[in-house]
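# Observations on the three-dimensional arrangement
So the chains spell out like this:
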Amino acid sequence: SSDLSSGINAEYGVISKVAFTSSQLSLYLDKPPVGISPVLWEQAKQENPDATKMIPVPLVGFKSISDRLRLQKEQSEAHIARVELIGKEVEEIRAVQANTLSRLQQLKRKHAELTHRVLQVMVDVEVQRKAGFSLQPQEEHLRVQLEGIQQELNAPNQFKGRLSEMLSLIRMQSINESNLSSATSVESDVLSGVHSHLSRQQDGISHLLNIIRDDMEYLTIIKQGLTDKQAAVVV
């Protein structure tokens, strides 16, 4: 078995990794090397970070120290190269993530457009299906509710008015921020936090405006469908 292992190692250039036996390890650690103080040797054993895998090795002479420094330098360079490689991989992943998010936003907009078109088709189909029939009580009740909702949204002291006030407040805060940055010297992290807060507020308001705008379009389509149906019934 040992001859076979030796033949394989010689053919493929493989070096077998053989650990110390317990007796060999005790013999090595119990007796300090020549020229090494027993106190320093005991300290080296106590400060060993992993006694199961590593053993203290004395450095005697400048050549040993030079070799150790060379090995440490090579290992540090290998670590730095690996960190740079990981950094490049992280940047590539971030680029892929940015492209994926952009594609996701496009798909969301496409989905909203398709949803709007499907709603229009559903309204047209329902109008054609109910052509010639009078409005049912629940449909008349729904029409009244939709008109009330539209009037409430169009009221100056309701949602539109409040959104206008919020937009004006955001603009005033932006103006105050620019005046503050030009008049006084403020730390960059404070300005960054204020800008981030205002940006989140503006994004939230824009999202709310988009939702209300979509709802208004849906309400207009439904109301138009009910009006067309009512006109068809009158004809």
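Residues numbered from 1 in each chain as written. Predicted model: local features only at pLDDT ≥ 70, side-chain atom pairs only at ≥ 80, totals over all residues. Heavy atoms only, no water.

Attention shifts here to the overall build of the chain. Along the chain, the regular secondary structure elements total seven helices and zero strands. Start at the N end of the chain and walk to the C end: the helices and strands fall as α-α-α-α-α-α-α. Considering only residue pairs separated by 6 or more positions, the chain has 62% of its internal contacts joining residues 24 or more positions apart. A total of about 18900 Å² of accessible surface is found on the chain, and carbon and sulfur atoms cover 60% of it. (Helix = DSSP H or I, 4+ residues; strand = E, 2+ residues; numbered from the N terminus. Contact = heavy atoms within 4.5 Å. Areas by Shrake-Rupley, 256 points an atom, 1.4 Å probe, with all protein chains shown as cover.)

The subject of this paragraph is the nonpolar core. Judged by nonpolar contacts, L146, L153, L163, I212, M216 and L219 together constitute the single largest core of six residues. Taken together, the elements giving at least two residues each to this core come down to α5 (137–154) and α7 (188–234). In terms of residue count, the dominant contributor to this core is α7 (three residues). (Core = buried A, V, L, I, M, F, W, Y, C linked by side-chain atoms within 4.5 Å. Buried < 20%, exposed > 50% of the residue type's maximum accessible area, 1.4 Å probe, protein only.)

Taken as a whole and judged by the stated rule, the model has one aromatic pair. With a centroid separation of 5.7 Å and 75° between ring planes, the pair formed by Y28 and W41 is classed as edge-to-face. Placement of Y28 in helix α2 (residues 22–30) and of W41 in helix α3 (residues 38–46) is noted, with a sequence separation of 13 residues between them. In this structure Y28 comes out as partly exposed when scored by relative accessible area, which is 26%. (Phe/Tyr/Trp six-rings, centres within 6.5 Å; stacked < 30°, edge-to-face > 60°.)

Now for the environment of Q43. Inspection of the secondary structure assignment puts Q43 in helix α3. Residue class for Q43 comes out partly exposed when judged on its relative accessible area of 38%. Expressed as a C-alpha distance, the spacing of Q43 and P56, which sit 13 residues apart in the sequence, is 9.8 Å.

The next point concerns the layout of surface pockets. The computed volume of the largest pocket comes to approximately 370 Å³. Together, Q105, K108, R109, A112, E113, H116, H207, N210, I211, D214, E217 and Y218 line the largest pocket. Elements that contribute at least two residues to the lining of the largest pocket include exactly α4 (61–129) and α7. Classifying every residue of the lining of the largest pocket gives three nonpolar, four polar and five charged. Its volume calculated, the second largest pocket comes out at about 290 Å³. Tallying contributions element by element places α3 first for the lining of the second largest pocket, with three residues. In the lining of the second largest pocket, the residues fall into 10 nonpolar, no polar and two charged. (1 Å grid on protein atoms, 1.4 Å probe; cavity = no way out; pocket = protein on both sides within 12 Å on 5 of 7 lines; lining within 4 Å. Points joined across faces, edges and corners; volume = space filled by probe spheres on them. Nonpolar A, V, L, I, M, F, W, Y, C, P; charged D, E, K, R; others polar.)

The subject of this paragraph is a nonpolar patch on the surface. On the surface, L59, I65 and L69 cluster together into a nonpolar patch covering about 260 Å² of accessible area. With respect to the helices and strands, I65 occurs in helix α4. (Patch = residues over 30% accessible without salt bridge, like charges linked within 9 Å, V, L, I, M, F, W, Y side chains within 5 Å. Salt bridge = Lys/Arg side-chain N within 4 Å of Asp/Glu carboxyl O.)

Right, let's talk about the confidence of the model for the chain for a bit. Looking at the chain as a whole, the pLDDT averages 76, with 76% of positions reaching at least 70. No element of the chain has a lower mean pLDDT than helix α1 (residues 2–12), at 52, and none a higher one than α4, at 88. (pLDDT = per-residue confidence, 0-100.)

Attention shifts here to the pattern of salt bridges. Opposite charge on two side chains permits them to pair, given that their charged atoms come into close proximity. A complete count under the given rule lists four salt bridges for this structure. The salt bridge partner of R94 is E91, with a shortest N-O separation of 3.5 Å. Taken together, the residues R94 and E91, both in helix α4 and three residues apart, mark about one turn of the helix. Residue R94 is classed as exposed on the basis of its relative accessible area, which comes to 51%.

Inspection of the secondary structure puts E42 in helix α3. Take E42: its relative accessible area is 36%, and that puts it in the partly exposed class. C-alpha of E42 to C-alpha of L29: the two residues are 13 residues apart in sequence and 8.8 Å apart in space.

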